Amino acid sequence: DACGRGVDDDFVENLRTYTDDIIVSHENKTMAACWAFALLYMPYDFLILTCPDSLPREDYFSRMMKPFENPKIGLVGNIHHGDVEGTVISDFDKGPDSLFAIRKEAVNACGGYSPSFNGRGPFQQEIYRRMARNGWEFAGVKGLLENSNACHAWDMDHNWKKDLDKDNQLWNRLDKKNYRDYNW
């Protein structure tokens, strides 16, 4: 996600020196749609997804993977809440945001991200709430990101607030239609 600035093709080519698992959308697809594609079609046991304005700490990987020792944890991510330390399991009020690892087995059981969302706000809540309703747990780990409240680059994408508003309206419409039963 180029945060509204356009894709830097030179940067993408430099990434290819590290991995072939790169999805680039030049056609105004949303971040959620690209992540949804990756969750469904890329081969993995665990897939790490990070928002473009999130800076993981050096120790993030081992701390993020620790909750997966429980085989029923489907998703683990960073939590921002100031009143939390350590790891919180399946707390909807303190759910993960910005940086995630997702277990393929949980995606196969519950579906991936809904491409109906723009990739702002509630699309992340929707997937872990759906996982929880299908017998999976999720975990939030405090402090996986560097100063996570300062990482967001909202001001760089002029459509961010409009997209968030659309996502919140979609969340409300889906909730009224019992979206909980959808398997994206």
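Residues numbered from 1 in each chain as written. Predicted model: local features only at pLDDT ≥ 70, side-chain atom pairs only at ≥ 80, totals over all residues. Heavy atoms only, no water.

Summing up its helical and strand segments, the protein has seven helices and five strands in all. When the helices and strands of the protein are placed in sequence order, the string is α-α-β-α-β-β-β-α-α-β-α-α. The proportion of buried residues among the 184 residues of the protein is 45%. Put simply, of all contacts in the protein between residues at least 6 apart along the chain, 75% involve residues at least 24 apart. Accessible surface, the protein as shown: approximately 10,200 Å² in total, 48% of it carbon and sulfur. (Helix = DSSP H or I, 4+ residues; strand = E, 2+ residues; numbered from the N terminus. Buried < 20%, exposed > 50% of the residue type's maximum accessible area, 1.4 Å probe, protein only. Contact = heavy atoms within 4.5 Å. Areas by Shrake-Rupley, 256 points an atom, 1.4 Å probe, with all protein chains shown as cover.)

Summing up the model confidence of the protein, the mean pLDDT is 81 and the portion of residues at 70 or higher is 79%. When mean pLDDT is taken per element in the protein, helix 3 (residues 60-65) scores highest with 96 and helix 6 (residues 148-151) scores lowest with 50. (pLDDT = per-residue confidence, 0-100.)

For side chains of opposite charge, pairing can occur when their charged atoms come near one another. Going through the model one piece at a time under the given rule, you end up with three salt bridges. One salt bridge in this structure joins R16 and E13, with 3.1 Å as the shortest N-O distance. A salt bridge links K66 to E69; its shortest N-O distance comes to 3.1 Å. With relative accessibility at 58%, the residue E69 sits in the exposed group. (Salt bridge = Lys/Arg side-chain N within 4 Å of Asp/Glu carboxyl O.)

Strands sit in the order 1-4-2-5-3 across an open sheet of five strands; the sheet is mixed. For this open sheet the edge positions go to strand 1 (46-50) and strand 3 (87-89), each flanked by a neighbour on one side alone. Strand-to-strand twist in this sheet, taken as the mean axis angle between neighbours without regard to direction, amounts to 15 degrees. Against the sheet, helix 2 (residues 31-41) touches strand 1 and strand 4 (99-103), its axis set at about 170 degrees to strand 1. (Pairing = 2+ DSSP bridges. Axes fitted to C-alpha atoms, helices over the stretch in contact; angles between N-to-C directions.)

Here we come to the packing of aromatic side chains. This model, assessed by the stated rule, comprises six aromatic pairs. Taken together, a centroid distance of 6.2 Å and an interplanar angle of 80 degrees make the contact between Y60 and F61 edge-to-face. On the basis of relative accessibility, which here comes to 44%, the residue F61 falls in the partly exposed class. The ring of W136 carries the charged tip of K72 above its face, separated from the ring centre by 3.9 Å. (Phe/Tyr/Trp six-rings, centres within 6.5 Å; stacked < 30°, edge-to-face > 60°. Lys NZ or Arg CZ within 6 Å of the ring centre and 35° of its normal.)

So, on to the pairing of strand 2 (residues 73-79). The buried count for strand 2 comes to seven of seven residues, which makes it a mostly enclosed element. Examined bridge by bridge, strand 2 and strand 5 (residues 137-142) share six bridges and lie parallel to one another. Note that in strand 5 the partner of V76 across the bridge is A139. Direction of pairing for strand 2 relative to strand 4: antiparallel, over a ladder of three bridges. Residue G77 lies in a different strand from strand 4, and its bridge partner there is F100.

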